[in-house]
Each structure stands twice: as C-alpha cells, then as structure tokens.
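One-letter residues, chain by chain:
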Amino acid sequence: MPKHRPGNCPFPAPEMNNPLKMRQEKDFIGVKELDDIALHGIHSHRARDNFPDNTPFHIEWYRAMALTKRACYTTAAGFFSEAAQQYDLEKINMRVVSSANLAALASAADECAKGKHFEYFLVPALSGGAGTSINMNLNEIIANRALQMTGHKPGDYDLIDPIEDANIFQSTNDVVPTALRVAAMQLLLELENAINELRKAMEELEKRYRNTLRIAYTQMQEAVPSTYGRLFSSYSDALSRDWWRVSKCLERIKVVNLGGSAIGTSIAVPRYFVAEVVPRLQQLTGLPVTRGENLSDATSNLDPFVEVHGIIKAHAVTMEKMVSDLRLLASDIHGTRSLTIPKKQTGSSIMPGKVNPVIPEFVISCSHRVYSNDQLIASLAAQGCLELNAYLPVIGHALLESLKLLISSDTSALSHLLRDLEIDTGISETRVMSSPVVTTALLPLIGYKKAAEMAALMKDNGMSILEANEKLGYVDRAKLKEILKAENLVQGGYRLKDLEE
C-alpha cells in the first residue's frame, strides 16, 4: 500500500510500487495496466497523465465529495426500497443497485469523508473536463474500496462498477459543484471563527491602551494627537465588518444543484432522488444546503463564487492594511518607536541581530494571493458557456485556497503578532507632548496664529507644549493639562463649557 502523500501528480504512480501484480482496465479509448491493489482506476490514471500539474487537489474538496456521494447512496437506497414496494422492478426493466452494494458504497464513502485513501486521488488541482476526472477518481476509489469490503478484489467491476454503481443518479455537473459548496461552507465557518478570535484580541488591545497617547499620521506626516486605543478600535471595527460579511456568505453559497444531473433538468434521475438527496446531505453535513429552485441556473452560473470571494477579499484588504500599519510603526524608519512587534526569527544570514517583520510579510503575501485568485475566479466564471462552466476545477481550487490562506493569515497574526505586541507608554506620551501637532488641540482657545507660533517655538527649540506655553503664557497651566488628557483629546469634538476657565 503506498504511503499517504499530500499531493497527487508529482509522485510515481502507485501501480509502479508492485509491478509484478497487475490488473487490466479498459474504457472505449483503450486498455491500461494498474497495480492489482490500487483503489484508483483507468479514468484517474488517464487524468494524471493528461494533466501534469504539480498543485495538490484540496483534501477538503475530496472529503466533501465523499460526503455528497454518501448522501446519494442513502437516497438511492431509499428510492429502491420504496419503488420495490410499489412495482416489480424487473418487469419495468429498471437497473437496480442492491442494498448490500449501496451499503458498501456508503461505508467506503464514509472512509473517504474522513480523509482516508487520499493517496489514490491522482487528479491535480488544475484539470480539464469540468471536473469529470475529479468525479471519476473518487468513483473508482469508492467502488474499489466497496469491493474490498465485500470480499472482492479492486477492479471486479462486474460486481460494483465505478460508473453504474458508484455514480448512481449522479453527474459530475451536480456532484462536484455541490461538494465545492460544502467544502467552502465548512471553511467559511472556520474563517468566521478565526476573524472573531482576531477581533477579540484587537478589542483587548483597544481596552488596554485606550488612553495611551500617540501621534496620528495622515499621508505619512504627523497630523494630530490620538491614542493607541483609537487606532486599535479602527482595526476592531473593520474586523467586525469582515466577520459580519463572512457570516452571511453561507446564505450566498448554500444553494446547490444536486439532483440536477447534467444540465439541471434532472434527466435520468428519479423525482424521489431529486426531492430527497439535498435534505439527506443537509443532515450529513449539518450545513444549511438547499436545493435550487432553478437547477439549470445553479448548474450554469457560478456568480455566487464570485460574490463570496469578493467578500473574503475585503477581509484580505483589512488584514493587509492592519499589519502594514503595525509593521511601519514598529520599523526602524519610524525612529524612536513606542510600538514593538514580537521577534519571531533571525532575520539575516549575514547581518547579526537583524529581526524582520515576518508575520506582517506573511499576511501581506497571503492577501495578494487572494487578490490574484479573485481576478482568476471572476474571469473564469465569465467563461462559462451555455449550460456549463468547464473551469470549475480551477475556480474551486482558487476559492478554497483563498479561504485556507486567510484562515492561516488570521491564525498567524493572532498567535505571533497581536498577543505579544508591546507599547512603551512613556515614550509614546513624551513624543506627543513634544510634537508641534499637539497644538491643534488649542485652536478653539487661542486660534490658528497663536497655535502656529507655539508650534514653531516647540520645533525650533525642542520644547514640549508645556514648556512653550510657559514661555508664551497663552493658556492657564492647569487648563492646558486638562486639555491634554488623552480622553479629552479624542472625546469626539468639544463643548462650549469645555472652553470655560
């Protein structure tokens, strides 16, 4: 048995591990020899040869495919059982898959849903054929594993066939996109939780440094006094919006076309199956999947993926803005900095003691990968032609990749950036009191010209605002100290009584 591997195409074919024991499989194109115990078959073998891509298929999609097929097998069992009570199925010439075989297929699908047998999934992330290779590879794995469970050898397709049995009442065009939605919904829930944990950590920073003064910047120039609490509150609110938007994504992606068969008309599928399979999938996954009212629309149009990816792209923007700010504030370029990010690893092989902002750089890299995936998804979703979009495999890969990148980005930022972020409150407040921009707070009392005079005095002589005011005598010292309290500087406007002596 070949060892489990995270990828597909770049590795030797499993059948090469035991060249002395081979089996032959054939399709209408020709014949292939495979390892006698391999769970994949001729269709996956051809796909691996035809699509020499090194990018591994997402195991989350593989597992969701298995769950989707599990729902199909239990629904098919229910259909055959009910039909047998009303009709003599032999007389109406219906091909029946036995309850024993359906049970074996369901058990094999259960194993795949747990991630087992993934080493036999040969189809890479990028493939042609609208996902047919994805569907057939899993059909072969499930059928061959079911054969083993019933005491037979892989390849004994007269007993359990990858197409006739493992693909019962299914089409690539409804199973593969349905499974993609299931995988995406599962990752969206994970992303939602990751954003929420990040938001809570940011709220803690906001509370801890609510009244820690800092200089605010516009266009990378000193602007007006503010607080770190205000800075962190802006990130917290942005993350809250991201959380809210992501929490609504399930509504946008929950409509599936399972039961729609090739183009959404449910051709060659029993009405019982069409009505029952999605509720069974809902029970299996615990997700709010629902059957589309127009299965043709749900099959041919992939705009929900464009919409969902646009929403998660907004979170990538939030993350890049946030970590870029923190990286800048913690940089040597910033001068005497009050904010320090955690030292996570040695920064240079030649410059001793150098430490780089690797976590912000990782997050920024993830964000830009998401931006590029967004363009890919939008352009290929538009490439859908008539009843189907042939580019679902790469669209699905890009969507799942972006979700996983953002989960990793959030997790890393939480564990390795925010939790050990430090602020020297003494340095920060000293810088504010020594910066000419703090005189902006005095405009309502002394006007622009006197405030500008005070700012120039501070700048030319390296004075604090208290020292400059002592020399100019524009504001009562006690009154000035009251104005310069952090909570008053950021209180959100002033009242007339605030100007009273």
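Just above, that's the structure.
Since we're looking at a predicted model, the values are computed, not measured. (Residues numbered from 1 in each chain as written. Predicted model: local features only at pLDDT ≥ 70, side-chain atom pairs only at ≥ 80, totals over all residues. Heavy atoms only, no water.)

**Student:** Could you clarify how one ought to interpret the nonpolar core in this entry?
**Tutor:** The tendency in soluble globular proteins is for nonpolar side chains to be buried side by side. Core analysis: the largest hydrophobic core is formed by 88 residues, its most contacted members being Trp61, Tyr73, Leu188, Leu399 and Leu403. Among the elements that line this core, the one with the most residues is helix H2 (residues 59-86), at 13 residues. Look past the residues within four positions of Leu188 in its chain and what remains in contact with it is Val246, Cys249, Leu250, Ile253, Val308, Ile312 and Leu403. With 27 residues, the next largest nonpolar core counts Leu198, Leu329, Val363 and Leu417 among its residues. (Core = buried A, V, L, I, M, F, W, Y, C linked by side-chain atoms within 4.5 Å. Buried < 20%, exposed > 50% of the residue type's maximum accessible area, 1.4 Å probe, protein only. Helix = DSSP H or I, 4+ residues; strand = E, 2+ residues; numbered from the N terminus. Contact = heavy atoms within 4.5 Å.)

**Student:** It is not clear to me how the pattern of salt bridges should be interpreted in this structure. Could you clarify?
**Tutor:** Oppositely charged side chains can form a pair if their charged atoms are brought close together. Using the criterion set out here, one finds 22 salt bridges in the structure. A salt bridge links Asp332 to Arg337, with the nearest nitrogen and oxygen atoms 2.7 Å apart. Here Arg337 falls in the partly exposed class, since its relative accessible area comes to 29%. It is possible to trace a salt-bridge network through shared partners that takes in Lys32, Arg48 and Asp49. (Salt bridge = Lys/Arg side-chain N within 4 Å of Asp/Glu carboxyl O.)

**Student:** Can you help me understand the packing of helix H5 (residues 172-208) against helix H12 (residues 392-418) in this one?
**Tutor:** For any two helices packed against each other, the geometry comes down to the angle between their axes and how far apart the axes lie. At their nearest, the axes of H5 and H12 sit 9 Å apart, and the two run at 20° to each other. What the angle tells us is that H5 and H12 run roughly parallel. Like other packed secondary-structure pairs, H5 and H12 cross with a definite hand, here left-handed. Residue classes in the contact of H5 with H12 are distributed as 23 nonpolar, one polar and four charged. (Axes fitted to C-alpha atoms, helices over the stretch in contact; angles between N-to-C directions. Parallel < 35°, antiparallel > 145°, perpendicular 65-115°, else oblique. Left-handed = near helix turned anticlockwise from the far one by under 90°. Nonpolar A, V, L, I, M, F, W, Y, C, P; charged D, E, K, R; others polar.)

**Student:** Help me out: how do you make sense of the packing of H2 against helix H4 (residues 132-149) in this one?
**Tutor:** The interhelical angle for the contact between H2 and H4, taken along N-to-C directions, is 65°, at an axis separation of 11 Å. If you check the angle between H2 and H4, you find them roughly perpendicular. Crossing geometry of H2 relative to H4 is assigned as right-handed. Residue-level contacts link Trp61, Tyr62, Met65, Ala66, Lys69 and Tyr73 of H2 to Ile134, Asn135, Leu138, Asn139, Ile141 and Ile142 of H4. Class assignment of the residues belonging to the contact of H2 with H4 gives a composition of nine nonpolar, two polar and one charged.

**Student:** Can you walk me through the environment of Gly30 in this structure?
**Tutor:** The residue Gly30 is located in the loop between strand S1 (22-26) and strand S2 (31-35) in this model. When the C-alpha atoms of Gly30 and Ile42 are compared, they prove to be 9.5 Å apart, with 12 residues separating the residues in sequence. If we ignore the near neighbours within four places in the chain, the residues touching Gly30 are Glu25, Ile42 and Arg46.

**Student:** So what exactly am I meant to see when it comes to the pairing of S1 here?
**Tutor:** Looking along a regular strand, one sees the side chains alternate between the two faces of the sheet. Here S1 shows a buried face lined by Arg23 and Glu25 and an unburied face lined by Met22, Gln24 and Lys26. Judged from the five bridges that link them, S1 and S2 form a sheet pairing that is antiparallel. Residue pairing across strands places Met22 opposite Asp35, the latter belonging to S2. A loop of four residues connects S1 with S2, the two strands running antiparallel in sequence. (Pairing = 2+ DSSP bridges.)

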